[in-house]
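# A structural walkthrough
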Amino acid sequence: MNEPVLARLNTLMNLREEVEQLGAAFPWEPAADWHDLGTHLLLVMDVPGLDAEHLELLEEGDDLTIAGERVEQPGGELLSRERPGGRFVRTLSFPAAVRAGSAEASLSGGVLKVRFEKGRKTWLQLGPSEE
């Protein structure tokens, strides 16, 4: 091959490496859905390949933060990568008020489900004042 062709191929290879590194620099973000169950809210999040010990949930005010890490399984030289991995952090706002500390979480088949009891409005009855 002549030098101009080799120079262009070299430029393309360098560009490809830069694009691959750029893609690896961004964390993955699992998809999540909120469901209204009447008296409860249900968060359903896809976290394939994660075990419960690699997930953290933090309920804080009107937000829920979920963090986790997909740990690489050793096994020979990695020849190509399509599956996102590494650490992620997502902060989701509750779509409705929830009762603090009411979360119940489960993980099965790579799907995280977190159920929250909705907050209820309390109406107070005022009686005659005692003076």
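Given the structure is predicted, the values throughout are model-derived calculations rather than measurements.

Rules used in this analysis
- Residues numbered from 1 in each chain as written.
- Predicted model: local features only at pLDDT ≥ 70, side-chain atom pairs only at ≥ 80, totals over all residues.
- Heavy atoms only, no water.
- Helix = DSSP H or I, 4+ residues; strand = E, 2+ residues; numbered from the N terminus.
- Buried < 20%, exposed > 50% of the residue type's maximum accessible area, 1.4 Å probe, protein only.
- Polar contact = N/O pair within 3.5 Å; in protein donor to acceptor, adjacent residues only side chain to side chain.
- Contact = heavy atoms within 4.5 Å.
- Phe/Tyr/Trp six-rings, centres within 6.5 Å; stacked < 30°, edge-to-face > 60°.

### Focus: the side chain of arginine 90
Relative to the helices and strands, arginine 90 is located in strand β5 (residues 86–93). Look at arginine 90 and you get buried, because its relative accessible area is 17%. Here proline 30 takes part through its backbone oxygen, which lies 2.6 Å from a polar atom of the side chain of arginine 90. Apart from the residues within four sequence positions on either side, arginine 90 is in contact with Glu29, Pro30, Ala31, Ala32, Met45, Leu64, Thr65 and Ile66.

### Topic: the packing of aromatic side chains
For the coordinates displayed, the defined rule picks out 4 aromatic pairs. A centroid spacing of 5.0 Å and a plane angle of 65 degrees characterise the contact between tryptophan 28 and phenylalanine 88, whose relative ring orientation is edge-to-face. Of this pair, tryptophan 28 sits in the loop between α1 (3–25) and β1 (32–36) while phenylalanine 88 sits in strand β5, and the two are 60 residues apart along the sequence. Given the relative accessible area of 10%, tryptophan 28 is considered buried. Of the residues examined, phenylalanine 88 reaches a relative accessible area of 0% and is grouped as buried. When the ring of tryptophan 34 is compared with that of phenylalanine 116, the centres are 6.2 Å apart and the planes differ by 45 degrees; the resulting orientation is tilted. One end of the pair, tryptophan 34, is in strand β1; the other, phenylalanine 116, is in strand β7 (residues 111–117), with 82 residues separating them in the sequence. With relative accessibility at 1%, the residue phenylalanine 116 sits in the buried group. Chaining the aromatic ring pairs together yields one cluster made of Trp34, Phe94 and Phe116.

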